[in-house]
Amino acid sequence: MRINQRHLIASLNKGFGLIELMIAMALGLLLMAGVLSLYVSNKQSYKTSEAMGRLQENARYGLYQVQKDLRMAGYSDCAPTIINHLNPAGTGYDDSLFNLAQAVGGWEFNAGSGTGPGDSYTITDLSPAGIALSSWDDQDGSDLPASLQNLVVPGTDVFTIKSLGAIEGISVKSNNNINSNSINSNGANGVPQSTILLVTQDCFSADLFQKMNNGSAASLSKGNGSPNPGNTNSPTPPLVGAKKWSAKYGPGAKFIAFKSTLYFIGMDADEIPSLYRVSFDSGVAGAPEKIVDGVENMQVLYGEDTDATADRIANIYRTIDTIADPERITSVRLSLLMRTLDAVAAEVDTKTDYKMAGHSSATATSIDPINDRFLRYVFTTTVKLRNRGSL
């Protein structure tokens, strides 16, 4: 009996053999591999979700900024007719930038295959360095402004918005001479030289001009000076006789600041394509301001009222260089091709037809991006110009 008990105890104390250990290790490794795979998958999902959330937030913010400005395009207070004194032959003058009668304007990228409706554009390089300004055309066939050299990403459109904004604190004396280049103010008016202003009174008269004297002067002069584009002695529409203004402005006169803002796609310091805007309020380009990053392409179409009798409703959407009458643009359709800031996609993006500003091959611009691991999505909006009628 004791011998059998010792054999039983010895048998129970043998432990695991080599085979059992190998099986246990294999099962452990399989379990660890499953856990690791789940971790990697969850991490990838988190990175993708986070990147797409940032992309959507950037798109919402960028479109909000553009929509807000577009809704004010063409605002000209209550003036029925504006006499434009800005010099169309002056350095840097372009109707797209300084003609308030044209609420919006812009430049269409036309190099290579172009980027109009029905065109396909393949992105090979986002660098704006060395791209000719003649690659873009506005409604008059003019090139992109020289101040944008080496700033605008090729294959993208550029657009401008013109409106008016409040300016306070200018008090005008009575008995101003309608044949003089200056409107006298009560003391220094504080308005910097080069500021473009609209002066109006009683909603009957309005003059758009560039202030030529400095802020310490007790007048607002449109006489000779160095700022660009400067003023002309032959405004549009023309004044009668020797008149320098459309009205004899007095204490009831109101001054409003002219605003001209240009939007474009550029590259930031980290080589990320981004949406920028630059102000031309003082006649020359200010410093570019980045609105939002991760914008790889922008396409713009303009809704034009083509009826013989204008009803202020868009009949057709066209690129700016094919618009028949820029003053009859009533709405703008804008598409942004957004991309994530990091290459987080599990697979290379091989899609070749991101459709922008339209839904079919005939009406949209098809963009073929670089094959990489960035995630992309197109966001499109159509904005009514409140001061120019209906969609």
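Predicted model only: the values in this text are computed from it and were never measured.

Asker: I'd like to hear about the overall build of the protein chain, residue by residue, with values.
Answerer: Scanning the protein chain from N- to C-terminus turns up three helices and 19 strands. A compact globule built from 391 residues should have a C-alpha radius of gyration of about 21 Å, whereas the protein chain, at 32 Å, is more than 25% larger. For the protein chain, the proportion of its 391 residues judged to be buried stands at 48%. Looking at the protein chain alone, contacts between residues at least 24 apart form 68% of all its contacts between residues at least 6 apart. As displayed, the protein chain offers around 19,000 Å² of accessible surface, 53% of which is attributable to carbon and sulfur atoms. The average position of the 32 basic charges and that of the 38 acidic charges among the side chains of the protein chain differ by 9 Å.

Asker: Go over the nonpolar core with me, naming the residues and quoting the values.
Answerer: Counting 65 residues, the largest nonpolar core has Leu70, Val104, Phe159, Leu262, Leu275 and Tyr302 as the members making the most contacts within it. No other element matches strand β11 (residues 254-267), which puts seven residues into this core. Here Phe159 is in contact with Val66, Leu70, Gly105, Gly106, Thr261, Leu262, Tyr263, Met298, Val300, Tyr302 and Leu334, once residues within four sequence places are set aside. Counting 14 residues, the second-largest nonpolar core is a separate cluster that includes Phe209, Trp245, Ala253 and Phe255.

Asker: An account of the side chain of Asp293 is needed here, citing residue identities and associated values.
Answerer: Within the fold, Asp293 resides in strand β13 (residues 289-293). Leave out the neighbours within four places in its chain, and Asp293 touches Arg54, Asn58, Asp268, Ile272, Pro273, Ser274, Met338 and Leu341.

Asker: Give me empty space enclosed by the protein: which residues, what numbers.
Answerer: Applying the stated criterion across every chain, the model contains two cavities of 30 Å³ or more. Each pocket or cavity is described by its volume, and for the largest cavity that value is around 40 Å³. Looking at the largest cavity, it is lined by 13 residues, and the ones nearest its centre are Thr115, Gln299, Leu301, Ala357 and Thr365. Sort the elements by how many residues they give to the lining of the largest cavity and strand β14 (residues 295-304) lands first, with three residues. A class-by-class count of the residues in the lining of the largest cavity yields six nonpolar, six polar and one charged.

Asker: Requested: an account of the sheet that holds strand β17 (residues 354-356), with residues and values cited.
Answerer: Pairing is mixed in the open sheet, where three strands are placed in the order β3-β18-β17. Two strands lie at the open edges of the sheet, namely β3 (120-122) and β17, each paired on one side alone. With direction set aside, neighbouring strand axes in the sheet form an average angle of 30°. Where β17 lies against strand β18 (residues 365-368), three bridges are found, and the strand directions are antiparallel. When the bridges of β18 are listed, Tyr354 appears paired with Ile367.

Asker: Tell me what's going on with the packing of aromatic side chains, and back it up with residues and numbers.
Answerer: One pass over the structure, following the stated rule, counts nine aromatic pairs. Ring centres of Phe109 and Tyr121 lie 5.7 Å apart, and the angle between their planes is 80°; on these two criteria the pair is classed as edge-to-face. Remark: Tyr121 occurs in strand β3 and Phe109 occurs in strand β2 (residues 104-109); sequence separation between them is 12 residues. Residue classification places Tyr121 among the buried residues on the basis of a relative accessible area of 12%. One aromatic cluster is present, formed by Tyr93, Phe98 and Phe258 through successive ring pairs. Seen from the ring of Trp245, Lys222 lies directly overhead, with NZ or CZ sitting 5.3 Å from the centre. If you follow Arg339 out to its NZ or CZ, it ends over the ring of Phe374, 3.9 Å from the centre.

Asker: Mind laying out the environment of Pro369, listing which residues take part and the relevant values?
Answerer: Looking at the element boundaries, Pro369 is found in the loop between β18 and β19 (376-384). The spacing of Pro369 and Tyr121 is 248 residues in sequence and 8.5 Å in space, taken between C-alpha atoms. Those residues in contact with Pro369, other than ones at most four positions away along the chain, are Ile123, Glu296, Asp349, Lys351, Tyr354 and Arg376.

Asker: Just give me the short version of the state of the cysteines, but keep the residues and values in it.
Answerer: For the structure shown, the criterion picks out one disulfide. In this model Cys78 forms its disulfide with Cys203; the gap between the sulfur atoms is 1.8 Å. One disulfide, between Cys78 and Cys203, carries an S-S torsion of -90° and so falls in the left-handed class. Within this pair, whereas Cys78 is found in the loop between α2 (18-71) and β1 (83-86), its partner Cys203 is found in the loop between β7 (196-201) and β8 (205-210), the two being separated by 125 residues in sequence. In this structure Cys78 comes out as partly exposed when scored by relative accessible area, which is 34%. Overall, Cys203 belongs to the partly exposed group, its relative accessible area being 35%.

Asker: Explain the sheet that holds strand β15 (residues 316-318) residue by residue, including any values.
Answerer: Overall, antiparallel pairing links the four strands, which are arranged β15-β14-β16-β19 in an open sheet. The outermost strands of the open sheet, each flanked by one partner alone, are β15 and β19. Mean inter-strand twist for the sheet, computed between neighbouring axes without regard to direction, equals 25°. Inspection of the sheet shows β14 paired to β15 by three bridges, in the antiparallel sense. Of the residues in β15, the one forming a bridge with Glu304 is Ile316.

Asker: So what's going on with unusual backbone geometry? Residues and values would help.
Answerer: That bond from Asn228 to Pro229 is cis: its omega, 5°, falls within 30 degrees of zero. Tracing the chain through its elements places Pro229 in the loop between β9 (219-221) and β10 (231-236). A cis amide bond links Thr236 with the next residue in sequence, Pro237, at an omega value of -10°. Turning to its location among the elements, Pro237 is positioned in the loop between β10 and β11. One non-glycine residue, Asn150, lies in positive phi territory at about 65°. Note that Asn150 resides in the loop between β4 (136-137) and β5 (158-166). Despite not being glycine, Cys203 shows a phi value in the positive range, around 60°.

Rules behind the numbers
- Residues numbered from 1 in each chain as written.
- Predicted model: local features only at pLDDT ≥ 70, side-chain atom pairs only at ≥ 80, totals over all residues.
- Heavy atoms only, no water.
- Helix = DSSP H or I, 4+ residues; strand = E, 2+ residues; numbered from the N terminus.
- Rg over C-alpha atoms; globule rule 2.2 N^0.38 Å.
- Buried < 20%, exposed > 50% of the residue type's maximum accessible area, 1.4 Å probe, protein only.
- Contact = heavy atoms within 4.5 Å.
- Areas by Shrake-Rupley, 256 points an atom, 1.4 Å probe, with all protein chains shown as cover.
- Lys, Arg positive; Asp, Glu negative; His and termini not counted.
- Charge placed at Lys NZ, Arg CZ, Asp CG, Glu CD.
- Core = buried A, V, L, I, M, F, W, Y, C linked by side-chain atoms within 4.5 Å.
- 1 Å grid on protein atoms, 1.4 Å probe; cavity = no way out; pocket = protein on both sides within 12 Å on 5 of 7 lines; lining within 4 Å.
- Points joined across faces, edges and corners; volume = space filled by probe spheres on them.
- Nonpolar A, V, L, I, M, F, W, Y, C, P; charged D, E, K, R; others polar.
- Pairing = 2+ DSSP bridges.
- Axes fitted to C-alpha atoms, helices over the stretch in contact; angles between N-to-C directions.
- Phe/Tyr/Trp six-rings, centres within 6.5 Å; stacked < 30°, edge-to-face > 60°.
- Lys NZ or Arg CZ within 6 Å of the ring centre and 35° of its normal.
- Disulfide = S-S within 2.5 Å.

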